[in-house]
Amino acid sequence: MNTRVGIGYDSHRFAAGRPLRIARRDGAHTHGLVGHSDGDVALHALIDALLGATALGDIGQHFPDDDPQWRGVDSARLVKKIVETSSRPGTASARWTSPWSPSGPSSRH
Ligand SMILES: [Zn+2]
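A brief structural summary. Owing to the predicted nature of the structure, the values given are computational and were not obtained by experimental measurement. Within each chain, residues carry numbers counting from 1 in the order of the written sequence. Thresholds applied to this predicted model are a pLDDT of at least 70 for local features of residues and 80 or more for the giving and counting of side-chain atom pairs; totals over whole chains, interfaces and linings are not thresholded and use all residues. Computation of side-chain values covers all heavy atoms of the structure but excludes hydrogens and water.

1. Digging into the pattern of salt bridges
Then, in step 1: Here, a salt bridge means any Lys or Arg side-chain nitrogen found within 4 Å of an Asp or Glu carboxyl oxygen. Tallying each qualifying case throughout the model produces 4 salt bridges.
Then, in step 2: Residue D74 is joined to R21 by a salt bridge in which the shortest nitrogen-to-oxygen separation is 3.8 Å. Remark: R21 occurs in strand β2 (residues 20-22) and D74 occurs in the loop between α2 (59-62) and α3 (75-86); sequence separation between them is 53 residues.
Then, in step 3: Three labels apply to residues, based on accessible area from a 1.4 Å probe with only protein chains included: buried if under 20% of the type maximum, exposed if over 50%, partly exposed otherwise in between. Under the relative-accessibility criterion, D74 is labelled partly exposed at 26%. Going along the chain from the N terminus, every DSSP run of H or I of four or more residues is numbered as a helix, and every run of E of two or more is numbered as a strand.

Below, the structure written as structure tokens:
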């Protein structure tokens, strides 16, 4: 069995008038997190943990903040892309099945 571990960390500054979304939950608040995407720090930290575990770089390499295709994007879409990328044959996690993969979580333990 091959176990890989990654640690993810992310932070964004607060700004007035922006929506607050953390872990895909919208919060009722006067301030939200500033980001090129939706600024969901929980999902960004998850992405960085997945990338760290698979030695595929960091979130900025995959979704640069000067690329207009990621402006305002739902971070769940970014997680999906990273799961797809890290599951390709030849990557460190190719044999890993995530809860987000089309085949669902692995039943083998
Ligand atoms: Zn972030």
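2. A short note on the coordination of the zinc ion
Octahedral six-donor coordination of a metal ideally yields angles of 90 or 180 degrees, compared with 109.5 degrees for tetrahedral four-donor coordination.
Then, in step 1: Each metal's donors are the N, O and S atoms found within 2.8 Å of it, except that Na, K and Ca use a 3.2 Å limit; water is left out, so coordination can look incomplete. Note on the zinc ion: its protein donors are D10 (OD), H12 (NE2) and H44 (ND1). The metal-donor distances range over 2.0 to 2.1 Å.
Then, in step 2: Donor residues for the zinc ion, ordered by position in the chain, follow D-x1-H-x31-H.
Then, in step 3: Look at D10 and you get partly exposed, because its relative accessible area is 24%.

3. Description of the nonpolar core
Then, in step 1: Judged by nonpolar contacts, L43, I47, L50, L51, I59, F63, W70, V73, L78, V79, I82 and V83 together constitute the single largest core of 12 residues.
Then, in step 2: When residues of this core are traced back to their parent elements, those giving at least two are α1 (41-54) and α3.
Then, in step 3: For L51, the contacting residues outside a window of four places in its chain are L56, G57, D58, I59, H62 and I82. Within this scheme, the nonpolar core is defined by two criteria: the residues are buried Ala, Val, Leu, Ile, Met, Phe, Trp, Tyr or Cys, and they are joined through side-chain atoms within 4.5 Å. Pairs of residues are marked as contacts when any of their non-hydrogen atoms sit within 4.5 Å.

4. Notes on the packing of α1 against α3
The axes of two packed helices give the description: the angle between them and the distance between them.
Then, in step 1: Closest axis-to-axis distance for the α1/α3 pair is 9 Å, and the angle between their directions is 10°. When the axis of α1 is compared with that of α3, the two are roughly parallel. Taking contact as the criterion, the partners of L43, H44, L46, I47, L50, L51 and T54 in α1 are, on α3, S75, A76, L78, V79, I82, V83 and S86.
Then, in step 2: When the residues that make up the contact of α1 with α3 are grouped by side-chain class, the tally is 10 nonpolar, 4 polar and no charged. An axis is simply a line fitted to the C-alpha atoms; with a helix, the fit covers only the stretch in contact. Between two such axes, the angle follows the N-to-C directions and lies from 0 to 180 degrees. For classification purposes, angles smaller than 35 degrees are called roughly parallel, those larger than 145 roughly antiparallel, those between 65 and 115 roughly perpendicular, and all remaining angles oblique. The nonpolar class holds Ala, Val, Leu, Ile, Met, Phe, Trp, Tyr, Cys and Pro. Asp, Glu, Lys and Arg form the charged class, and all remaining residues, Gly among them, are polar.

5. Comments concerning α3
Given 3.6 residues to a turn, an α-helix orients residues that are three or four positions apart in the same direction.
Then, in step 1: Given the number of residues in a helix, its expected span is that number minus one, multiplied by 1.5 Å. Taking 1.5 Å of rise per residue, the 12 residues of α3 would be expected to cover 16 Å, and the 16 Å separating its terminal C-alpha atoms lies within 8% of that figure.
Then, in step 2: Those residues of α3 that are buried are in contact with α1 and α2.
Then, in step 3: The definition of a polar contact used here is a pair of N or O atoms within 3.5 Å, where within protein one atom must be able to donate a hydrogen and the other to accept one, and adjacent residues in sequence count solely through side-chain atom pairs. Two or three places before A76, at the opening of α3, D74 has a side-chain oxygen 2.9 Å from that residue's backbone nitrogen.

6. Quick notes on unusual backbone geometry
Outside of glycine, negative phi angles account for most residues, and trans bonds account for most peptide bonds.
Then, in step 1: Backbone geometry places A23, a non-glycine residue, at a positive phi of 55°.
Then, in step 2: Here A23 shows up in the loop between β2 and β3 (25-27).
Then, in step 3: Judged by relative accessible area, which is 40%, A23 ranks as partly exposed.
Then, in step 4: One non-glycine residue, R24, lies in positive phi territory at about 70°.

7. Structural notes on the side chain of H36
Then, in step 1: Among the secondary structure elements, H36 is positioned in the loop between β4 (31-33) and α1.
Then, in step 2: Reaching out from H36, the side chain makes a polar contact with the backbone oxygen of D65 at a distance of 3.1 Å.
Then, in step 3: A polar contact is formed between the side chain of H36 and the backbone nitrogen of R71, at a distance of 3.3 Å.
Then, in step 4: Ignoring anything within four residues of it in the chain, the contact list for H36 reads P64, D65, D67, P68, W70, R71 and G72.

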